[in-house]
Amino acid sequence: MVSPPTRYLVFFQYFGTKYSGVMETSANQSGIGVQNCLEKAAQNLKPVVPIKFHISSRTDSGVHALCNAAHLDIQRAPGKPAFQERELIRGLNHHLKSEPIRILCAHRVSSDFHARFSALSRTYIYRLLLGCAHWSEVPVFERDLCWAPPGGSLDVPAMQDAARFLLGTHDFSTFRSLNSETPFQSPIRTILQAEIHPSSGFLAHHYESRGLEFWELKFRSKSFLYRQVRRMVGALVAVGQGKLTPRQIKELLELRDARALPPHAMAPPAGLFLKCVEYDEADLHTTRAPGE
């Protein structure tokens, strides 16, 4: 008798530079997605039916994740017990091999749990590097992990003032890029957190004499529109450069028009990280069948 599939929620991280994004790509596409690598690794677990990862949060090419999430169903051969969480983590990480992707933890969840729709919130951070007059001055260990805006310095207090206008529930049409889903997706989103704080760089204390500054922009919401975070960051950096005033961020919001954002006012993908996806703790604890 074939046992029913067991559903798991896995949290995973990845270095996104080499991937076309987190979502799977087809054989006729040039790039490869993180999902392709996860599902290839999962097939080595010898499931009865192919394993599909249902990703919580989409990220674009070049964007990284400190912690993304996905659910998957695993149906094992007759007589084989369900994987224990640690066993699943070890197995997936072993088969991911040299890919810059790692499973962080796993939870057995109920069969109606959904990694995308059960999420309470998502948090992104964007890393800025100040003090570089030219991109070639970015430390080699920080390349592809931050953005050094041209000019080298920013008015951070003005950016912090501007970020306050993004808080709360708004029509964020101005701050989304258009794609095939745009006609079917409401532009209303609620930003729960929009903060700018000093940060640190990798081994930065070894080159303090260069006067480099690292800053993080942090945004939290239940969900975001396509490229919304990168467009908000780009607009805030324009404020820091004196190209926009803080008040103009409010005016851009009120225009509700994606074409209203100044040309090239979208931050590059390299500095963006999905920090975490939050769930109700009660959803992460499922009662096991007797004997498991």
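Calculation criteria
- Residue positions within a chain follow its written sequence, with the count starting from 1.
- Note on the predicted model: pLDDT of at least 70 is required for a residue's local features to be given, and 80 or more for side-chain atom pairs to be given and counted; whole-chain, interface and lining totals, by contrast, use all residues.
- By convention in this description, side-chain values take in all heavy atoms of the structure and omit both hydrogens and water.
- Only protein chains enter the calculation, and the probe is 1.4 Å; a residue is then buried if its accessible area is under 20% of its type maximum, exposed if over 50%, and partly exposed in between.
- Secondary structure elements are defined from DSSP: runs of H or I of at least 4 residues count as helices, runs of E of at least 2 residues count as strands, and each element is numbered from the N terminus.
- Here a residue-residue contact requires only that any non-hydrogen atoms of the pair lie within 4.5 Å.
- Given the number of residues in a helix, its expected span is that number minus one, multiplied by 1.5 Å.
- Here, any two strands with at least 2 DSSP bridges between them count as paired.
- Nine residue types can take part in a nonpolar core, namely buried Ala, Val, Leu, Ile, Met, Phe, Trp, Tyr and Cys, and a core is a set of them joined through side-chain atoms within 4.5 Å.
- Stacked, tilted and edge-to-face are the three classes applied to pairs of Phe, Tyr and Trp rings, where Trp contributes its six-membered ring and a pair requires centres within 6.5 Å; stacked means planes under 30 degrees apart, edge-to-face means over 60, and tilted covers the rest.
- A positively charged side chain is recorded as over a ring if its NZ (Lys) or CZ (Arg) lies within 6 Å of the ring centre. The angle to the ring normal must also be within 35 degrees.
- We define a polar contact as two N or O atoms separated by no more than 3.5 Å, with the added condition that, inside protein, one atom must be a possible hydrogen donor and the other a possible acceptor, whereas residues neighbouring each other in sequence contribute only through side-chain atom pairs.
- In this analysis, a patch consists of residues with relative accessible area above 30% that form no salt bridge, clustered at 9 Å for like charges and at 5 Å for the nonpolar side chains Val, Leu, Ile, Met, Phe, Trp and Tyr.
- Each accessible area is a Shrake-Rupley result for a 1.4 Å probe, and residues are judged covered by the shown protein chains and nothing else.
- When a carboxyl oxygen of Asp or Glu lies within 4 Å of a side-chain nitrogen of Lys or Arg, that pair is called a salt bridge.

Participant: Would you mind going over helix H1 (residues 34–43) in detail, with residue names and values included?
Facilitator: The buried count for H1 comes to seven of 10 residues, which makes it a mostly enclosed element. On its buried face, H1 sits against strand S1 (6–14), strand S2 (54–55), helix H2 (85–96) and strand S4 (101–108).

Participant: Please give an account of H2 that cites residues and values.
Facilitator: Over its 12 residues, H2 runs 17 Å from end to end, which matches the ideal 16 Å to within 8%, given 1.5 Å per residue. If you check which residues of H2 are buried, you get Glu 85, Leu 88, Ile 89, Gly 91, Leu 92, Asn 93 and Leu 96. Directly after H2, the chain includes Lys 97, whose backbone phi takes a positive value near 50°.

Participant: Before we move on, can you summarise the pairing of S1 with the specific residues and values?
Facilitator: The element S1 is largely enclosed, with a buried count of eight among its nine residues. Of the strand pairs in this sheet, S1 and strand S3 (residues 64–74) are connected by eight bridges, and their pairing is antiparallel. When the sheet's bridge partners are listed, Tyr 14 is paired in S3 with Ala 65. The pairing of S1 with S4 spans seven bridges and is antiparallel. Counterpart to Phe 11 in the pairing with S4 is Cys 105.

Participant: Explain the nonpolar core to me, and be specific about the residues and the numbers.
Facilitator: Residues Phe 12, Phe 53, Phe 175, Phe 219 and Tyr 279 are the most contacted members of the largest nonpolar core, which totals 79 residues. With eight residues, helix H4 (residues 228–240) is the single largest residue contributor to this core. Ignoring anything within four residues of it in the chain, the contact list for Phe 219 reads Arg 122, Thr 123, Tyr 124, Leu 166, Gln 193, Ala 194, Phe 224, Val 229, Met 232, Val 233 and Leu 236. In terms of nonpolar packing, the next biggest core, distinct from the first, is built from nine residues, Val 138, Cys 146, Leu 212 and Phe 214 among them.

Participant: Before we move on, could you go through the packing of aromatic side chains and cite the residues and values that matter?
Facilitator: One pass over the structure, following the stated rule, counts seven aromatic pairs. Ring geometry for Phe 11 and Tyr 279: centres 6.0 Å apart, planes at 65°, overall edge-to-face. Remark: Tyr 279 occurs in the segment after strand S9 (272–278) and Phe 11 occurs in strand S1; sequence separation between them is 268 residues. Between Tyr 124 and Phe 224, the ring centres sit 5.3 Å apart and the planes meet at 90°, which makes this aromatic pair edge-to-face. Residue Tyr 124 is located in strand S5 (residues 121–130), and its partner Phe 224 is located in the loop between strand S8 (213–221) and H4; the two are separated by 100 residues in the primary sequence. Looking at Tyr 124, the relative accessible area reads 8%, which means it is buried. An aromatic cluster of at least three residues, connected via ring pairs, comprises Phe 11, Phe 113 and Tyr 279. Directly above the ring of Phe 83 sits Arg 76, whose terminal nitrogen or CZ lies 3.8 Å from the centroid.

Participant: How would you summarise the environment of His 71 if you had to cite specific residues and measurements?
Facilitator: Relative to the helices and strands, His 71 is located in strand S3. Owing to a relative accessible area of 2%, His 71 belongs among the buried residues under this scheme. Counting along the chain gives 59 residues from His 71 to Leu 130, while the straight-line C-alpha distance between them is 38 Å. Within the structure, the side chain of His 71 is placed 3.0 Å from the backbone nitrogen of Ala 115, a separation counted as a polar contact.

Participant: Residues and numbers for a nonpolar patch on the surface, please.
Facilitator: There is a patch of nonpolar side chains on the surface, built from Val 140, Phe 141, Phe 202 and Leu 203 and spanning about 400 Å² of accessible area. Note that Val 140 resides in the loop between S5 and helix H3 (156–163). For Val 140, a relative accessible area of 53% corresponds to the exposed category.

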